[in-house]
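Topology and contacts: notes
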Amino acid sequence: MVYDVDSLRLPAAWRRLAGPLESASDALVRLDERLARAEPVLADGARARAHLFDAQAALHLDGELVALEDLVLHEAAMDVRRPTLALGRAVALLADRRRLAAAAPGWAFSPAGWSLLAGPDPEAAEPEPEDEDAFEWAEAADSAFAAIDRLLLRTSRTLARVEAGGPASRPLPENPVVTCPMTAWRRVLDDTHDLPAVLAAAVTLDAWLVLDPAPRLGHRGPLAASALLRSRGKVRAHLPALSLGLREGRARWSRALPPADRLAGLLGAVETSARAAGRDLDRLTLAREVMLRACVAKRRTSRLPQLVDLFVATPLVTVASAARALAVTPQAVEGMLAELGPARPRELTERRRYRAWGIV
């Protein structure tokens, strides 16, 4: 009897993706299990910082730089420099990530979730019935935009014929059918239902980058892929930071690459994001152990261990916020900060008053 090995040979594309897919799935599941088993204060701290890192990375991929310290301080209304437009975009993306992470796993692909991922749907916005002027203005605007769309379509087809060497003028049908990029992306999303979750996320992210279904919202593509991983049950304890993986990964996505190479690079980004989050969890664990050494030989009623956990759970702590969280006076917080000594987290404002500390 002869065993036919050739009959088991997989397509070249699948052989190219098998290794990266296994590595990405393994790293993602291991991280999710670590977060599920970690102490709540460590898991909450790692998730909170992952949101910050991913928002910063998403802006970096768009060519804009936002310092983590500026992002953290801006959220606490303690800016040390004038806020920029990029900082405002990072804050909005941070809010979107937190909203997705706090919602149910399948919420991202509900009507409300679609509005977050792709922006408001102009067809869903109906004018108030009692406002006749607004209704007339909306009708006029719709007709104007439809005319612009027809003009752009006619221009693009003319340019395509000229580049192909054909005549510049050619009769067009009266009602040309235009495929919406978002509709095309949703079709790709539906077609991935029978793929492994991690591969499906890579395919949908690749399709987002190719089709660009939401102009000026390109950073929502990694969010959509992360939400897909969560809705498919691949991760339960966190929302993957795929923008961070795209920035830190070795491979750079390019439309000119073959599809298999693009998907392999995106799978590598998933693995990179999971390993980066694991390293951050290790960093927080070590920082907590170092700060807890200062609590040795303290009285059992001391609030210093609670201050340490506050530093771990939240990226930024001020005297006022610590006093509220621990139900002590600001003077007591100042005393506990002095007791931490060298183990105290870094001061972020570089000011003598209205200071803030954090592990970022």
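Residues numbered from 1 in each chain as written. Predicted model: local features only at pLDDT ≥ 70, side-chain atom pairs only at ≥ 80, totals over all residues. Heavy atoms only, no water.

**Describing the overall build of the chain**
- A count of helical and extended segments in the chain gives 14 helices and three strands.
- Residues counted as buried form 40% of the 360 residues belonging to the chain.
- When the accessible area of the chain is evaluated, it comes to approximately 20,800 Å², of which 55% is carbon and sulfur surface. (Helix = DSSP H or I, 4+ residues; strand = E, 2+ residues; numbered from the N terminus. Buried < 20%, exposed > 50% of the residue type's maximum accessible area, 1.4 Å probe, protein only. Areas by Shrake-Rupley, 256 points an atom, 1.4 Å probe, with all protein chains shown as cover.)

**Digging into unusual backbone geometry**
- Phi angles above zero are rare outside glycine, and Ala77 is one such case at about 60°.
- Structurally, Ala77 is set in the loop between helix 3 (68–75) and helix 4 (85–102).
- Residue Ala77 is classed as exposed on the basis of its relative accessible area, which comes to 67%.

**So, the pattern of salt bridges**
- Evaluation of the coordinates by the stated rule reveals 20 salt bridges.
- In this structure, Arg30 engages Asp26 in a salt bridge whose closest nitrogen and oxygen atoms are separated by 2.9 Å. Within this pair, Arg30 and its partner Asp26 are both found in helix 1 (residues 12–37), separated by four residues, close to a single helical turn.
- Between Arg220 and Asp96 there is a salt bridge, and its shortest N-O distance comes to 3.0 Å. Taken as a pair, Arg220 in helix 9 (residues 220–231) and Asp96 in helix 4 lie far apart in primary sequence, 124 residues in all. As far as the burial class goes, Arg220 and Asp96 line up, both buried. (Salt bridge = Lys/Arg side-chain N within 4 Å of Asp/Glu carboxyl O.)

**Regarding the confidence of the model for the chain**
- The predicted model of the chain has a mean per-residue pLDDT of 84, with 80% of residues at 70 or higher.
- Confidence drops under a pLDDT of 50 for residues 122–142, and excluding neighbours within four residues, the segment shows one contact in the predicted structure.
- Predicted confidence is poor over residues 172–178, with pLDDT under 50, and the contacts of this stretch with residues over four places away or in other chains come to seven contacts. (pLDDT = per-residue confidence, 0-100. Contact = heavy atoms within 4.5 Å.)

**A short note on the sheet that holds strand 2 (residues 346–347)**
- In spatial order, the strands read 1-3-2; together these three strands make up an open sheet with antiparallel pairing. Single-partner strands in this sheet number two, and they are strand 1 (317–318) and strand 2. (Pairing = 2+ DSSP bridges.)

**A short note on the environment of Leu281**
- Of note, Leu281 is situated in helix 11 (residues 259–292).
- On the accessibility criterion, Leu281 (2% relative accessible area) is buried.
- Linking Leu281 and Ala43, residues 238 residues apart in sequence, is a C-alpha distance of 7.6 Å.
- With near-sequence residues (within four places) excluded, Leu281 lies in contact with Arg34, Leu35, Leu42 and Ala46.

**Focus: the environment of Val210**
- Relative to the assigned elements, Val210 resides in helix 8 (residues 197–211).
- Given a relative accessible area of 28%, Val210 falls into the partly exposed group.
- Separated by 45 residues in the primary sequence, Val210 and Arg255 have C-alpha atoms spaced 6.7 Å apart.
- Once residues within four sequence positions are removed from consideration, Val210 is found in contact with Trp253, Arg255 and Arg262.

**Details of the packing of helix 1 against helix 11**
- As a packed pair, helix 1 and helix 11 sit with axes 9 Å apart at the nearest point and diverge in direction by 20°. The angle between the axes of helix 1 and helix 11 places the two elements in the roughly parallel class. When you trace helix 1 past helix 11, the crossing you get is left-handed.
- Here the contact of helix 1 with helix 11 is built from residues that sort into 17 nonpolar, two polar and six charged. (Axes fitted to C-alpha atoms, helices over the stretch in contact; angles between N-to-C directions. Parallel < 35°, antiparallel > 145°, perpendicular 65-115°, else oblique. Left-handed = near helix turned anticlockwise from the far one by under 90°. Nonpolar A, V, L, I, M, F, W, Y, C, P; charged D, E, K, R; others polar.)

**Things to note about the side chain of Arg262**
- Mapped onto the elements of the fold, Arg262 is located in helix 11.
- Excluding anything up to four places from it in sequence, Arg262 contacts Asp206, Val210, Trp253, Ser254, Arg255 and Leu257.

**A word on the environment of Ala200**
- Relative to the helices and strands, Ala200 resides in helix 8.
- A residue is classified by how much of its surface remains accessible, and Ala200, at 0% relative accessible area, is buried.
- Counting along the chain gives 32 residues from Ala200 to Arg232, while the straight-line C-alpha distance between them is 9.6 Å.
- Aside from chain neighbours lying at most four places away, what touches Ala200 is Thr192, Leu195, Leu228 and Arg232.

**Some details on helix 7 (residues 181–191)**
- Taken together, the buried positions of helix 7 are Met182, Ala184, Trp185 and Leu189. Looking down the long axis of helix 7, one finds its buried residues gathered within 160° of arc, a one-sided arrangement. Exposed side of helix 7, more than 90 degrees from the buried face: Asp190 and Asp191 are the residues found there.
- Buried residues belonging to helix 7 abut helix 5 (111–118), helix 8 and helix 9. (Arc of directions from axis to C-beta.)

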